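Geometric and topological summary
Letter by letter, the chains look like this.
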Amino acid sequence: MAVALFGLLMLTSCSTKRQAINQLDRFSTELQQNSGSYSLADWKKASERLTKIHKKIGKHDYTLAEKKEIAMIELKNANAIKEGLKESAPNILFDALTDWNTFYEELKDLLGM
């Protein structure tokens, strides 16, 4: 019985850990598809959502392969943000850059830099 419970806990933990990576990947896809039309409010919501995802990711220990996967998704995010900002109005760009600094600091913490 104890072995079965331990196995169930391990599966739940791995599933939750994987869910956080999957959320980050879905977020990246949404950024790539929609960020060019984001308003300032949309950028703020995206920043808040990304912060929540980073907190979920930060709760788990990842293998080197998983860390590399997360880093690759974060690179896609950075590119999508860059492209979206280029397409956004100049006044939104200035405000979004402030949020970008927060994102950058969180990314450095996540990657242990």
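Residues numbered from 1 in each chain as written. Predicted model: local features only at pLDDT ≥ 70, side-chain atom pairs only at ≥ 80, totals over all residues. Heavy atoms only, no water.

**Description of the pattern of salt bridges**
Enumeration according to the criterion identifies six salt bridges in this entry. Between K17 and E66 there is a salt bridge, and its shortest N-O distance comes to 3.2 Å. In this pair, K17 is assigned in helix α1 (residues 2-34) and E66 in helix α3 (residues 64-87), connecting sequence segments 49 residues apart. Just as K17 is buried, E66 falls in that class too. Where salt bridges share partners, they join K82, E83 and K86 into one cluster. (Salt bridge = Lys/Arg side-chain N within 4 Å of Asp/Glu carboxyl O. Helix = DSSP H or I, 4+ residues; strand = E, 2+ residues; numbered from the N terminus. Buried < 20%, exposed > 50% of the residue type's maximum accessible area, 1.4 Å probe, protein only.)

**Details of the nonpolar core**
The nonpolar side chains of a soluble globular protein tend to be buried, and buried together. Ranked by size, the top nonpolar core spans 20 residues in total, and within it L24, L31, W43 and I57 carry the most contacts. The set of elements that each furnish at least two residues to this core consists of α1, α2 (40-58), α3 and α4 (90-110). (Core = buried A, V, L, I, M, F, W, Y, C linked by side-chain atoms within 4.5 Å.)

**Notes on the environment of A71**
Locating A71 in the fold gives a position in helix α3. Sequence-wise, A71 and L110 are 39 residues apart; in three dimensions their C-alpha atoms are separated by 9.3 Å.

**Examining α3**
An ideal rise of 1.5 Å per residue puts 34 Å on 24 residues; α3 measures up with 35 Å between its terminal C-alpha atoms. Among all positions of α3, only E66, I70, I73, E74, N77, A80, I81, G84 and L85 are buried. (Expected span 1.5 Å × (residues − 1).)

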